[in-house]
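What follows is the residue order along each chain.
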There are 2 protein chains.
Amino acid sequence: MGPQHIGIGHPEVKDVLAIQRNTSAERHSFVIAEGFWATRLALRLEARIEKFFHAPELVHSTEVQACADELERAARDTYRVSEKTMKRMAQREGPDGLLAVVAMPRWSPDSIQLGESSLVVIADGIEKPGNLGTLLRTCDATRVDALVMVNRRTRMSHPKVFNGSKGMTLKVPHLEFAQVADVVEWLKERGFDVYLADTHDSVNYRSVDYSGRTAIVVGNERYGVSNAWYERGLRAVGIPMLGAVDSLNVSVSASVLLYEARARKDRW
Amino acid sequence: MGPQHIGIGHPEVKDVLAIQRNTSAERHSFVIAEGFWATRLALRLEARIEKFFHAPELVHSTEVQACADELERAARDTYRVSEKTMKRMAQREGPDGLLAVVAMPRWSPDSIQLGESSLVVIADGIEKPGNLGTLLRTCDATRVDALVMVNRRTRMSHPKVFNGSKGMTLKVPHLEFAQVADVVEWLKERGFDVYLADTHDSVNYRSVDYSGRTAIVVGNERYGVSNAWYERGLRAVGIPMLGAVDSLNVSVSASVLLYEARARKDRW
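What this report covers is the structure whose coordinates are included nearby. Computed from a prediction, not measured in an experiment: that's the story for all the values here.

So, how was this worked out
Residues numbered from 1 in each chain as written. Chains lettered and ligands numbered in written order. Predicted model: local features only at pLDDT ≥ 70, side-chain atom pairs only at ≥ 80, totals over all residues. Heavy atoms only, no water. Helix = DSSP H or I, 4+ residues; strand = E, 2+ residues; numbered from the N terminus. Buried < 20%, exposed > 50% of the residue type's maximum accessible area, 1.4 Å probe, protein only. Contact = heavy atoms within 4.5 Å. Areas by Shrake-Rupley, 256 points an atom, 1.4 Å probe, with all protein chains shown as cover. Lys, Arg positive; Asp, Glu negative; His and termini not counted. Charge placed at Lys NZ, Arg CZ, Asp CG, Glu CD. Least-squares fit on C-alpha atoms with pLDDT ≥ 70 in both. Buried area = accessible area lost by both parts, 1.4 Å probe. Salt bridge = Lys/Arg side-chain N within 4 Å of Asp/Glu carboxyl O. Polar contact = N/O pair within 3.5 Å; in protein donor to acceptor, adjacent residues only side chain to side chain. Nonpolar A, V, L, I, M, F, W, Y, C, P; charged D, E, K, R; others polar. Pairing = 2+ DSSP bridges. Axes fitted to C-alpha atoms, helices over the stretch in contact; angles between N-to-C directions.

Counting its regular elements, chain A contains nine helices and twelve strands. Counting every position in chain A, which comprises 268 residues, the buried fraction comes to 56%. In chain A, the proportion of contacts linking residues at least 24 apart, taken out of those at least 6 apart, comes to 81%. Total accessible area on chain A is roughly 12,000 Å²; 45% of this is exposed by carbon and sulfur atoms. Here chain A carries 35 positive and 34 negative side-chain charges, and the mean point of each set is 2 Å from the other.

This is how it looks when you write it as structure tokens:
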């Protein structure tokens with residue numbers, strides 16, 4: 001007796017479609033991992049695989065088959081679906097027969113592990129999921145201790161965040177606060193030096209002190225860091241703009257700042 | 001007697017639609033600037049405005065009207081179109097009545113102005129127009145002397161390149177070569193130190209010499225820098241990857257390298 005065969009009208013399939021379309025009430029709790037690359041990554045990161053949907057007709061390699069076997073062992077529930085059903089469930093072209101519903105890991109404000117020279121980034125109002133994904137990818141590469149979201153305008157479980165981050169939504173610790181005041185309190189209690197990324201009236205990012213705990217705040221694509229930060233007397237650091245544009249892409253500026261901080265902390 | 005009124009079936013309108021759809025033979029020679037922000041930028045950069053399409057019904061501010069007047073003076077030809085026609089021509093939601101066909105500026109390999117400590121970036125096989133656009137935006141901000149494309153997989157005139165670059169497609173000097181060998185020759189003749197961005201077997205990007213002429217080569221989103229570069233014995237520089245991912249987004253890694261080079265050249 002193998003896994004249950006289900007069709008396009010089954011509630012479990014409908015649930016996946018609702019998550020994909022962002023209409024599910026549970027859209028913040030789950031990430032859809034599509035295909036070999038993404039599902040294998042979820043296994044390697046030991047993420048919790050809630051449901052595994054398997055379309056054997058679409059599996060064309062022993063490598064993918066081995067991943068399917070592993071998913072079946074790891075998943076709480078496994079379902080068999082037809083090629084046609086899988087093609088409806090998958091957002092990517094040419095699905096390879098594997099799709100998993102993965103639980104989004106959760107961190108609480110008190111569960112983040114911090115050291116003497118911790119590095120965190122605060123994403124204030126980032127709007128484009130592609131930018132948030134790219135930022136998470138850099139967060140992993142620079143060993144950021146947490147990504148903190150405030151004035152959130154896109155969801156962490158968005159497929160573009162997952163893809164852009166190369167799956168690091170499942171690995172980089174992330175938190176969300178409703179208001180800037182709450183983030184500032186969290187940072188102050190923990191002794192962070194806070195730097196607001198802003199090209200106006202700012203100190204060159206290469207001349208500030210990164211020796212203790214460092215928090216870098218980056219803002220919305222159009223409006224930048226919100227006023228609530230400035231009202232608290234926090235300092236702005238700037239990346240020089242030597243041409244005609246007055247700002248960089250937000251994930252680029254965050255990355256330049258995070259690499260400078262990491263290099264200085266680790267004395268490269 | 002004002003500008004000619006033309007409708008949806010007019011050849012000039014059809015030409016714009018063909019450029020937008022990437023089916024025009026002239027799609028590499030022109031950029032479509034849509035709306036106040038983009039058309040004003042084209043004017044400020046003194047780009048050549050070939051055609052200006054004006055839908056007066058959609059113009060709702062004196063600022064936009066002033067821009068329309070300036071476009072009419074600057075453009076070789078001006079056409080009046082209806083609201084309905086403009087909505088068909090524009091790719092963006094909610095057009096504001098202005099759309100211009102702008103000539104893509106051209107640079108030749110010998111026309112690029114170089115100094116003793118010039119900085120250039122080579123984009124080898126970049127695929128996504130959003131990444132190329134973001135890279136151009138950083139090129140402007142770091143005062144890169146030229147962006148050189150090889151193994152080109154997206155077109156410089158793509159609307160996503162224009163938008164992602166904040167219009168810097170019209171400002172940052174760019175060249176295209178068919179083969180890596182041609183670029184290497186161009187760089188060698190001009191005495192450039194060439195660094196290939198690659199995280200494997202590479203020297204930390206903070207410990208190389210940026211004092212003379214510097215060329216940074218970044219590769220395709222999936223495959224990286226092509227083998228032809230390595231066959232010429234060129235050096236790889238790497239940005240440390242301290243987590244699970246083995247690379248950064250290509251426009252991010254280029255930006256981290258370009259800022260390091262610029263900061264070291266300008267002694268920040």
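What follows is about the relation of the copies chain B and chain A. When chain B is brought onto chain A, the operation consists of a screw motion whose angular component is 180° and whose axial shift is 0.0 Å, with 0.0 Å RMSD remaining. Taken together, the rotation angle and the small translation identify this as a two-fold axis. Of the interface residues in chain B, 100% have counterparts in chain A that sit at the interface too, so the contact is made through matching surfaces.

As a further point, take the interface of chain B and chain A. Taken residue by residue, the interface counts 35 residues in chain B and 35 residues in chain A. Carbon and sulfur atoms supply 63% of the area buried between chain B and chain A, which totals about 2,700 Å² over both sides. When the buried area of chain B at its contact with chain A is split by residue, Arg137, Arg206 and Leu242 of chain B rank highest and sum to 23% of it. Taken together, chain B and chain A are joined by two salt bridges. Across the chain B-chain A interface, the total number found is 16 residue pairs in polar contact (both at pLDDT 80 or more). Listing elements by their share of the side of chain B that touches chain A, those giving two or more residues are helix H5 (129–141) and helix H9 (250–265) of chain B. Looking at the side of chain B that touches chain A residue by residue, the class counts come to 15 nonpolar, ten polar and ten charged.

Bringing the sheet that holds strand E2 (residues 30–34) of chain B into the picture now. Residues and elements named next belong to chain B. Taken in spatial order, the five strands of this open sheet run E1-E4-E3-E5-E2, and their pairing is mixed. Looking at strand neighbours, the two that pair on one side only are strand E1 (4–5) and E2, the edges of this open sheet. One ladder, built from five bridges, connects E2 with strand E5 (residues 98–103); its direction is antiparallel. Counterpart to phenylalanine 30 in the pairing with E5 is alanine 103. Its contacts with the sheet put helix H2 (residues 35–44) on E2, strand E3 (49–54) and E5, and the angle it makes with E2 is roughly 130°. Helix-sheet contacts for helix H3 (residues 62–74) involve E3, strand E4 (77–80) and E5, and the interaxial angle to E3 is about 140°.

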